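One-letter residues, chain by chain:
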Amino acid sequence: MSAAGKKLTCIPNDGTWFSELGELWPGQAMSLEVESVLFDENSKFQHVQVFKSKNYGTVLVLDGVIQITERDEHAYQEMITHLPMNSHPDPKKVLVVGGGDGGVLREVLRYNSVEELVICEIDEMVIDVSKKYLPDISQGAFDDPKVTVFCGDGAEYMRKHQDHFDVIITDSSDPIGPAATLFEKNYYSLMRSALKEDGILATQGECMWLHLDLIKGMLDFCRELFPQVAYGYTCIPTYPSGQIGFVLCSKNASTTFETPLMPIASRIKECSLKYYNEGIHKAAFVLPEFARKKLEAN
């Protein structure tokens, strides 16, 4: 069946609404009105869908889960990038694991200091589809001479590049399917070995309203591996419960994630950001009391 003839997971099941139903957020769903289905195929790894929504622009969906919308993508892409990048004094070599839509690449390339940027995306279809249907997300980042694209396993790439990167950003989907191993201690240990002695990492850290026990477990094993660990978050309407977090770790004991290292305008080529600023950097680490109590170090 052609993409135009396929239907998404919908309420009602008539092709006019997409509803994000998932085992990680039982009993609730984010729904978007669909104007047209642009792409609907299975890759070697997952079900890839793209549709035009009524209010959020073009939407990328993987295995039934919203990954990005044109309207609110900056709330995620800018925060997962600038929280770690503006906590490192001189990030020259950066690795992005996942992130096949190219939004994190776009944000990393803003930094004047960056000399080498590698993206490891296991699913080449995600890159191809994003370039075709969501070109404004990457804004040509895949073609930048500083960028190397490796379509394969990020863990495999890191094993071959030990003590190499200043910053590693893992822009993963949720801990089911091909991304499940990216939430385990062994993966964080591998990232640590691929970082230089003062290296910093940031990963997608799930939602405090839904996955607090999972986040707590991640922070606990991260504290065994790194001298500095923090959990920050951003607000984004189309992610479950309107919030998603980031786990940040540094091999440098003097790193202070809660305070941006420098004014962002002094670090990047053009300050045309839509979400991130120094104030929201600080605020990202101020947690509501229920989460603060649960996630604080024992």
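In this report, the structure presented in the accompanying data block is examined. (Residues numbered from 1 in each chain as written. Predicted model: local features only at pLDDT ≥ 70, side-chain atom pairs only at ≥ 80, totals over all residues. Heavy atoms only, no water.)

## Some words on the side chain of S43
Okay, so step 1: Following the sequence through the fold, S43 ends up in the loop between β2 (30-42) and β3 (47-53).
Okay, so step 2: Here F45 takes part through its backbone nitrogen, which lies 3.0 Å from a polar atom of the side chain of S43.
Okay, so step 3: The contacts of S43, once residues within four sequence positions are left out, are V48, D123 and M125. (Helix = DSSP H or I, 4+ residues; strand = E, 2+ residues; numbered from the N terminus. Polar contact = N/O pair within 3.5 Å; in protein donor to acceptor, adjacent residues only side chain to side chain. Contact = heavy atoms within 4.5 Å.)

## A look at the nonpolar core
Okay, so step 1: Counting residues in hydrophobic clusters, the biggest one holds 38 residues, and the most contacted among them are L83, L105, V108, L117 and F246.
Okay, so step 2: With six residues, helix α1 (residues 73-85) is the largest single contributor of residues to this core.
Okay, so step 3: Apart from the residues within four sequence positions on either side, L105 is in contact with V96, L117, I119, A141, F142 and V147.
Okay, so step 4: Formed by 35 residues, the second largest nonpolar core is a distinct cluster that contains V97, F165, L190 and A194. (Core = buried A, V, L, I, M, F, W, Y, C linked by side-chain atoms within 4.5 Å. Buried < 20%, exposed > 50% of the residue type's maximum accessible area, 1.4 Å probe, protein only.)

## Here's the deal with the packing of helix α6 (residues 185-194) against helix α7 (residues 212-225)
Okay, so step 1: At a minimum axis separation of 10 Å, α6 and α7 run at an interaxial angle of 35°. Regarding α6 and α7, the two cross each other, and that crossing is right-handed. Judged by residue contacts, K185, Y188, S189 and R192 of α6 engage M218, F221, C222, E224 and L225 from α7. (Axes fitted to C-alpha atoms, helices over the stretch in contact; angles between N-to-C directions. Left-handed = near helix turned anticlockwise from the far one by under 90°.)

## Regarding α1
Okay, so step 1: With 13 residues, α1 should reach 18 Å at 1.5 Å per residue; the first-to-last C-alpha distance of 18 Å fits that figure.
Okay, so step 2: Among the 13 residues in α1, 13 count as buried, and that is most of the element. (Expected span 1.5 Å × (residues − 1).)

## Some words on unusual backbone geometry
Okay, so step 1: In this structure, D63 takes a positive phi of about 50° despite not being glycine.
Okay, so step 2: Looking at the secondary structure, you find D63 in the loop between β4 (58-62) and β5 (65-69).
Okay, so step 3: Taking relative accessible area as the criterion, D63 reaches 45% and is therefore assigned partly exposed.
Okay, so step 4: Its identity is not glycine, yet S241 carries a phi of approximately 65°, on the positive side.
Okay, so step 5: Its place among the elements puts S241 in the loop between β11 (228-235) and β12 (243-250).

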